[in-house]
Amino acid sequence: MLRVYGHPLASFYWKVLIALYERAVPFEFLMVDGEHPENAQAIARLSPTGQFPVLVEADRVVVESAAIIEYLDLNHGTAAPMVPADRNTAIEARQMDGIFDDYVSAPLTRMVLNAIRPPDKRDPHADGEAQALLDKSYAWLDRWMTGRTWAANDEFGIADCSAGPALYYAHWGYPIPEKHAALRGYRARLLARPSIARAIDEAGPWLQYFPLKDRGTPD
Ligand SMILES: N[C@@H](CCC(=O)N[C@@H](CS)C(=O)NCC(=O)O)C(=O)O
């Protein structure tokens, strides 16, 4: 049985979880938290910096959410692959996956890490710099999503697996302006997608621990 290390609150775990649900792949979930030190020890050994998700199947270990999703495409499930098989078509899927990871999730993570520091250790520039990046990303993504249903190639795929958690948390921590109607509409479509709605639902008990929860609303 496929095993996946993660945490229900973690956006990069959601990214893989969404692909697992989209492709109806059974797996064993291994929680990485203080109550499961054996799992934290395992990923400290398996991933470069102890980050998750990590997939283990027999003696195969796959780290990095995008690589895990490509592994699932090739080895598990029968639904359409999250990364299109045609290499030229796959370029747009990988491009948009990277954009959500690097220009939405990354600045949001910077704000989260700043918020969980002791107050006297917070970086006074971090939030402003992260928000300036998000302003640019939101504006670019709003233009990109105008006239599109999904982020790449007119079909649900890896970029939407990345966008779901990225936009869910980013909008909650730093709301997308109302003028960006195409991006807000895309976020609403993502949240209504059964695989993503299920990931959010399962994270329910932990969502109260989102460090930016008082800066906006998740809806
Ligand atoms: N580039 C990695 C990012 C993984 C990542 O940032 N994981 C976070 C959870 S969403 C994590 O492990 N945080 C705990 C830590 O850094 O110790 C991927 O795509 O899988």
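Summary of the structure given here. Keep in mind that this is a model prediction, so the values were computed, not measured. (Residues numbered from 1 in each chain as written. Predicted model: local features only at pLDDT ≥ 70, side-chain atom pairs only at ≥ 80, totals over all residues.)

**Side note on the site of the ligand**
Thinking step 1. Close to the ligand lie Ala10, Ser11, Phe12, Tyr13, Gly50, Gln51, Phe52, Pro53, Glu64 and Ser65, which account for all nearby residues.
Thinking step 2. The element best represented in the shell around the ligand is helix 1 (residues 11-22), accounting for three residues.
Thinking step 3. Of the residues in the shell around the ligand, the class split is five nonpolar, four polar and one charged. (Near = placed C-beta within 6 Å. Helix = DSSP H or I, 4+ residues; strand = E, 2+ residues; numbered from the N terminus. Nonpolar A, V, L, I, M, F, W, Y, C, P; charged D, E, K, R; others polar.)

**Examining the pairing of strand 3 (residues 54-57)**
Thinking step 1. Here strand 1 (residues 3-6) runs beside strand 3; their pairing, made up of three bridges, is antiparallel. By the bridge assignment for strand 3, arginine 3 is matched with valine 56.
Thinking step 2. Of the pairings in the sheet, the one linking strand 3 to strand 4 (residues 60-63) comprises four bridges and is antiparallel in character. The partner of valine 54 across the bridge, within strand 4, is valine 63. (Pairing = 2+ DSSP bridges.)

**With respect to the packing of helix 1 against helix 6 (residues 158-173)**
Thinking step 1. Interaxial distance between helix 1 and helix 6 falls to 8 Å at its minimum, and their mutual angle equals 140°. In terms of axis orientation, helix 1 runs oblique to helix 6. The hand of the helix 1/helix 6 crossing is right-handed. Of helix 6, the residues touching helix 1 (which contributes Ser11, Trp14, Lys15, Ile18 and Ala19) are Cys161, Ser162, Gly164, Pro165, Ala166 and Tyr169. (Axes fitted to C-alpha atoms, helices over the stretch in contact; angles between N-to-C directions. Parallel < 35°, antiparallel > 145°, perpendicular 65-115°, else oblique. Left-handed = near helix turned anticlockwise from the far one by under 90°. Contact = placed C-beta atoms within 7 Å.)

**Side note on the sheet that holds strand 2 (residues 28-31)**
Thinking step 1. Spatial ordering of the open sheet is given by 2-1-3-4, a layout of four strands whose pairing is mixed. For this open sheet the edge positions go to strand 2 and strand 4, each flanked by a neighbour on one side alone. Neighbour to neighbour, the strand axes of the sheet diverge by 20° on average, direction disregarded.
Thinking step 2. Across the sheet, helix 2 (residues 37-46) touches strand 1, strand 2, strand 3 and strand 4, and the angle it forms with strand 1 is around 100°.
Thinking step 3. In the packing of helix 3 (residues 65-75) onto the sheet, the strands contacted are strand 3 and strand 4, and the crossing angle to strand 4 comes to about 130°.

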